[in-house]
Amino acid sequence: MNSIDGARPYVSAFAPFRLTLARHYRGMRKVDLARHLNVTPSAVTQLESGASRPKASTLAQISLSLGFPPAFFAADGRRRRLDDHGRAFFRSLRSTRQLDRDQAEAQAFFASEILDTIERHVRLPASDLPTTLYAPEEATLQDIEQRAIRLRDLWSVPAGPTASMVRLLEAHGVVVTRCVIEADEVHAFSRWFAHRPLVVLSADRNDLPRLRFDAAHELGHLVLHAEVEPGNRILEQQAHRFAAAFLMPKDEIAGQLPPTFRLDEYGHLKEVWGVSMQALLYRARDLRRMTDATFRRAMIRLSALGRRKNEPYPLYGHEPSALWPRAKEILATRGVGVDAVAHDARLPLDFVSRVFEDDYDERPALFG
Amino acid sequence: MNLDPYLGDSGAVIDAVVRAYRRTYAINVRRFDPKAGDDSHTFGTQNWRGGLHHLEQEFNRMPGVRVDRPNNHLRITLRTGVTLRPYRAHFEGEYLAFFPISETRARVARDNTYTFFEYSASFAPGLLPVNELVIQHDGDHLEGLRAIYIGAPLDGEDPAKGWFLSECIYARDTTVADDIDISDERDSTTTVPFTERKAPDVHVFAEDRSSGDGTESKHDPAGNE
């Protein structure tokens, strides 16, 4: 069967929004795709708006250009659209390119498609994010601190430094995946897909404190904010404070934060708590363990050392997922390989493999 | 010998040191595994790191005491101004010795000697003129913790005799197992590093929903979607 014949069964069921998704995932603008297809950009617009339907030959060409199977472009009967379930939290709309956001959102959508597929075979932990901790925009930072502590209590997180944030989220039904794009501006984001919260962490696998803080920040959004308002600075500030309080509870860390800045002391705390030195300094200032002037001097000193971006006492690596490898293991016992999941979800095999192979890093895995 | 002039509340300080090392040795004896390649060297290293950790835990709670780690070596500054630093005990024959095998060790002994000779007159009557005390712990993976000493080393030719003071603060009957409870060790403190904490289990189970709920496991290419 040639590629045109292979595409023919899906023409009548062509779902325009799936073309948009595939294009977004590949980081292409309409003009880029048009060039690949040798059509005008407005022809792509018409296809994506549903104003026109592709011929089998065009669908075959789309499939080849975007690297998605023809079946992917057919509607699946669920009338599902990307924005059916709200939008994702992005830290800053100004610093994140629309192209990158679209790409990241498409990835999150595909991850949810994989979940739909595998949940026919495996039962994942049910989401138990409380709905009682929503915070209004006018909530004080003290309110946010209390909510973070309340969640630690509800989830019975032991006192002291939090072990793996990824495992903690997964144990409570939040699915975590890594961004496949390398856009540094897309730190991390989160969103709901039906009953399932999803957190997408940065592709960077070598900055453990940042990844842990990002995970806690996104947890903050999921717990505090019922309404998604990407780029809202107040909500971002709340999520940030939530992350700080969740990872460094006031009553447990305040006594350990020295009022003056010494690299070795803060370096040691960094190694114990798994947060960056800068996060510790902010915490020391916010908890009034350090004066504003000392805080400023400390940050200037870190900058002068050229170490704001590349801190001393580095903590490399990432927190591997337990959920994806375990699901893969169970699927394998049933004879369902990653290729079968890709086929069922109608997604490119390389993407599905990457989602399952969360722990391909060569460095020793923490919390194994 | 009354150690109050050096340690302040010597009872509290000694209790804290003893608790720290009893816990350290108990944990490391329990996890010692020759099949995993453990030997006296790994045991010593674990005691070293574990001792720093447990001392830090104990003294962080003590009012007026400052704990820090210059050059990654624990320093406990007591209310009296005297500093305490932990080391493993070494013996020269039957004598406890303090070999200046590191820069810090050499400096500790040198500082005490210098203070002793230069400033003896300025110390209050009855107070021995030294500022640097060392904790020395002794034990192995078979018997666990045997003894702990607190001493003030001096800089001299014979490391086995160069002590200004040396007191055994703890000696255990090693024919009886140490009964210290370490069951709450992992999660009861706020100073166990995040990497050493137990991450929660993620429960993923097999489930068959391909029949019964009407969900098909295969995509139907016939266009019935």
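Figured I'd write up the structure that's included with this text. (Residues numbered from 1 in each chain as written. Chains lettered and ligands numbered in written order. Predicted model: local features only at pLDDT ≥ 70, side-chain atom pairs only at ≥ 80, totals over all residues. Heavy atoms only, no water.)

1. Re the overall build of chain A
Argument step 1. Summing up its helical and strand segments, chain A has 17 helices and four strands in all.
Argument step 2. Put simply, chain A has 368 residues, and 59% of those count as buried.
Argument step 3. Sequence separation of at least 24 residues holds for 75% of the intrachain contacts in chain A that already meet a minimum separation of 6.
Argument step 4. Element-wise, carbon and sulfur atoms account for 50% of the exposed surface of chain A, whose accessible area totals about 15,500 Å². (Helix = DSSP H or I, 4+ residues; strand = E, 2+ residues; numbered from the N terminus. Buried < 20%, exposed > 50% of the residue type's maximum accessible area, 1.4 Å probe, protein only. Contact = heavy atoms within 4.5 Å. Areas by Shrake-Rupley, 256 points an atom, 1.4 Å probe, with all protein chains shown as cover.)

2. Some points on the pattern of salt bridges
Argument step 1. Under the definition given, this model contains 29 salt bridges over all chains.
Argument step 2. Residues E311 of chain A and K270 of chain A are paired through a salt bridge, measuring 2.9 Å at the closest nitrogen-oxygen approach. Of this pair, E311 of chain A sits in the loop between α14 (292–304) and α15 (323–333) while K270 of chain A sits in helix α12 (residues 263–273), and the two are 41 residues apart along the sequence. Across this residue pair, the class does not change: E311 of chain A and K270 of chain A are buried.
Argument step 3. Here R66 of chain B and D68 of chain B are joined by a salt bridge, their closest N and O atoms 3.8 Å apart.
Argument step 4. Classification of R66 of chain B as partly exposed rests on a relative accessible area of 43%. (Salt bridge = Lys/Arg side-chain N within 4 Å of Asp/Glu carboxyl O.)

3. Remarks on a negative patch on the surface
Residues and elements named next belong to chain A.
Argument step 1. A cluster of acidic side chains, namely E137, E138, E227 and E229, defines a negative patch on the protein surface.
Argument step 2. Looking at the element boundaries, E138 is found in the loop between β1 (122–123) and α7 (141–154).
Argument step 3. E138 gets classed as exposed once you look at its relative accessible area, which sits at 65%. (Patch = residues over 30% accessible without salt bridge, like charges linked within 9 Å, V, L, I, M, F, W, Y side chains within 5 Å. Lys, Arg positive; Asp, Glu negative; His and termini not counted. Charge placed at Lys NZ, Arg CZ, Asp CG, Glu CD.)

4. Thoughts on the interface of chain A and chain B
Argument step 1. Across the contact, 50 residues belong to chain A and 36 residues belong to chain B.
Argument step 2. Between chain A and chain B lies a buried interface of about 3,400 Å² when both sides are counted; carbon and sulfur atoms form 57% of it.
Argument step 3. Seen at the junction of chain A and chain B, the total is one salt bridge.
Argument step 4. Applying the counting criterion to the chain A and chain B interface returns seven residue pairs in polar contact (both at pLDDT 80 or more).
Argument step 5. Only α1 (3–11), β1, α8 (165–171), α9 (208–224), α12, α15 and α16 (338–345) of chain A provide two or more residues apiece to the side of chain A that touches chain B.
Argument step 6. Considered class by class, the residues forming the side of chain A that touches chain B number 24 nonpolar, nine polar and 17 charged.
Argument step 7. Pairing of β1 of chain A with strand β9 (residues 205–206) of chain B involves two bridges; the strand directions are antiparallel. Paired with V122 of chain A across the bridge in β9 of chain B is A206 of chain B. (Buried area = accessible area lost by both parts, 1.4 Å probe. Polar contact = N/O pair within 3.5 Å; in protein donor to acceptor, adjacent residues only side chain to side chain. Nonpolar A, V, L, I, M, F, W, Y, C, P; charged D, E, K, R; others polar. Pairing = 2+ DSSP bridges.)

5. Considerations on the nonpolar core
Residue and element names in this part refer to chain A.
Argument step 1. If you look at the biggest cluster of nonpolar residues, it comprises 62 residues, and the most contacted ones within it are F73, F110, I114 and I118.
Argument step 2. Among the elements that make up this core, the one with the highest residue count is helix α6 (residues 98–118) (nine residues).
Argument step 3. If sequence neighbours within four positions are ignored, I114 has contacts with W324, V341, L347, F351, V352, V355 and F356.
Argument step 4. Core analysis: the next-biggest nonpolar cluster, separate from the first, contains 54 residues, I144, L219, L281 and A298 among them. (Core = buried A, V, L, I, M, F, W, Y, C linked by side-chain atoms within 4.5 Å.)

6. Section: unusual backbone geometry
Residues and elements named next belong to chain A.
Argument step 1. For S156, which is not glycine, the phi torsion reads 55° and is therefore positive.
Argument step 2. Along the chain, S156 turns up in the loop between α7 and α8.
Argument step 3. Phi angles above zero are rare outside glycine, and Y313 is one such case at about 55°.
Argument step 4. Inspection of the secondary structure assignment puts Y313 in the loop between α14 and α15.

7. Observations concerning the pairing of strand β6 (residues 132–140) of chain B
All names here are of chain B.
Argument step 1. Among the nine residues that make up β6, eight are buried, leaving the element largely enclosed by the rest of the structure.
Argument step 2. Relative to β6, strand β3 (residues 83–88) is paired through six bridges, and the arrangement is parallel. Residue pairing for β6: P86 is matched across the bridge by I135.
Argument step 3. Bridge analysis of β6 against strand β7 (residues 144–153) gives seven bridges, and the strand direction is antiparallel. Residue pairing for β7: Q136 is matched across the bridge by Y149.
Argument step 4. Following β6, the chain reverses through three residues before pairing antiparallel with β7.

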